[in-house]
Amino acid sequence: NVLLDVSKSMSFGSGAVTKLDYARTLAACLAYFSNQQRDRVGLITWDEDVVEIVPPSAKHLPNVLHALARATPQRTGNIERVFRKLAEQFKRRSMLLVISDFYEDPGKILDAFAQLRGRGNDLMAMHVLDTAELEFPYDGATSFEDIETGERIPVIPEYLRDQYRAMIRAHIASIEKLCGDQGVDYQMFDTSMPLDYALFAFLSRRQFLTRVR
């Protein structure tokens, strides 16, 4: 099962693709690979609630691809509430791939993962971020809008760039650590990274970790 974040923050993109475009392409590739191995493929899209569910099946790849194509960011996200709700749906052990920008408090993400890990599920986390979110390359005084709330904040980028970069690195490190502590395979994806390289890096790392365990 792929659990894809379609909250409003996923609509951001400073380049040719948005985070959601990159994420849905990742999801489509992995669903295709799984289908080629005759594995059951399913999809759940979510924001502040569950948006759409395609039940796992060896015959559901076209349904998954169509659902990915029509996914549209419209609402804010709430990973903790959604995953608590979803935990009731996984009655047997499943392999779950979570794709998100994880713009939530790490404590809430930890609680959300615990809801699914407590059922014995095998979790993987793909953390998708835009290059601009990582580097903050802006110059000159301007105002920035929170995509999910619509709030506009005046900012002088050169005064805050180092502080921002330190904060985003700390956020990423915190999520990576909590994933490691819970046995969740984690990888951060920069949307400027070629997709084939990104997939190869993730799958190679997962194969290595599986052998180590």
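**Student:** Could you give an account of a nonpolar patch on the surface, naming the residues involved and the relevant values?
**Tutor:** A cluster of nonpolar side chains, Y32, F33 and L203, forms an exposed patch at the surface whose accessible area comes to about 270 Å². Mapped onto the secondary structure, L203 falls in helix α7 (residues 195-212). The exposure class of L203 is partly exposed, given its relative accessible area of 36%.

**Student:** Explain the packing of helix α3 (residues 79-87) against helix α4 (residues 106-117) to me, using residue names and the numbers behind them.
**Tutor:** Contact pair α3 / α4: the axes reach a minimum separation of 8 Å and the direction vectors enclose 5°. With respect to their mutual orientation, α3 and α4 come out roughly parallel. Residue-level contacts link I79, E80, F83, R84, L86 and A87 of α3 to K108, I109, D111, A112, F113, Q115 and L116 of α4. Taken together, the residues of the contact of α3 with α4 break down into eight nonpolar, one polar and four charged.

**Student:** Describe in detail the sheet that holds strand β2 (residues 41-46), supporting the description with residues and values.
**Tutor:** One open sheet holds the six strands; their spatial order is β3-β2-β1-β4-β5-β8, and the pairing between them is mixed. Of all strands in the sheet, those bounded by a partner on one side alone are β3 (50-57) and β8 (185-190). Each neighbouring strand pair of the sheet contributes to a mean axis angle of 15°, computed without reference to strand direction. Where β2 lies against β3, five bridges are found, and the strand directions are antiparallel. Each bridged residue has a counterpart across the sheet, and for T45 the counterpart in β3 is E52. With respect to the sheet, α4 is in contact with β1 (2-5), β4 (95-100) and β5 (122-129), its orientation differing from that of β5 by roughly 150°.

**Student:** Report on the confidence of the model for the protein, specifying residues and quantitative values.
**Tutor:** Averaged over every residue, the pLDDT of the protein is 87; residues scoring 70 or more account for 87%. Put simply, strand β6 (residues 142-145) is where the protein has its lowest mean pLDDT, 58, and β1 is where it has its highest, 97.

**Student:** Tell me what's going on with the packing of aromatic side chains, and back it up with residues and numbers.
**Tutor:** Applying the stated criterion across every chain, the model contains five aromatic pairs. Plain terms: the ring middles of W46 and F83 are 5.3 Å apart, the flat faces sit at 75° to each other, and that makes the pair edge-to-face. With a gap of 37 residues between them, W46 in strand β2 and F83 in helix α3 connect regions that are remote in the sequence. By relative accessible area, W46 is classed as buried at 1%. Here F83 falls in the buried class, since its relative accessible area comes to 0%.

**Student:** Describe unusual backbone geometry, listing the residues and the values that go with them.
**Tutor:** For R38, which is not glycine, the phi torsion reads 65° and is therefore positive. As for its position among the elements, R38 is in the loop between α1 (19-36) and β2. Residue classification places R38 among the exposed positions, given a relative accessible area of 76%. You will see that F136, though not glycine, has its phi angle at about 50°, which is positive. The topology assignment puts F136 in the loop between α5 (131-135) and β6.

**Student:** Summarise the pattern of salt bridges; cite the residues concerned and give the values.
**Tutor:** Counted under the stated rule, the structure contains 10 salt bridges. Measuring nitrogen to oxygen at the nearest pair gives 2.4 Å for the salt bridge that ties E52 to R70. Of this pair, E52 sits in strand β3 while R70 sits in helix α2 (residues 61-70), placing them 18 residues apart in sequence. Between R165 and E135 there is a salt bridge; the shortest N-O distance is 3.9 Å. Of this pair, R165 sits in helix α6 (residues 157-182) while E135 sits in helix α5; the two residues are 30 residues apart in sequence, bridging distant segments of the chain. Its relative accessible area of 24% is what places R165 among the partly exposed residues. Of the residues examined, E135 reaches a relative accessible area of 39% and is grouped as partly exposed.

Rules of the game
Residues numbered from 1 in each chain as written. Predicted model: local features only at pLDDT ≥ 70, side-chain atom pairs only at ≥ 80, totals over all residues. Heavy atoms only, no water. Patch = residues over 30% accessible without salt bridge, like charges linked within 9 Å, V, L, I, M, F, W, Y side chains within 5 Å. Areas by Shrake-Rupley, 256 points an atom, 1.4 Å probe, with all protein chains shown as cover. Salt bridge = Lys/Arg side-chain N within 4 Å of Asp/Glu carboxyl O. Helix = DSSP H or I, 4+ residues; strand = E, 2+ residues; numbered from the N terminus. Buried < 20%, exposed > 50% of the residue type's maximum accessible area, 1.4 Å probe, protein only. Axes fitted to C-alpha atoms, helices over the stretch in contact; angles between N-to-C directions. Parallel < 35°, antiparallel > 145°, perpendicular 65-115°, else oblique. Contact = heavy atoms within 4.5 Å. Nonpolar A, V, L, I, M, F, W, Y, C, P; charged D, E, K, R; others polar. Pairing = 2+ DSSP bridges. pLDDT = per-residue confidence, 0-100. Phe/Tyr/Trp six-rings, centres within 6.5 Å; stacked < 30°, edge-to-face > 60°.

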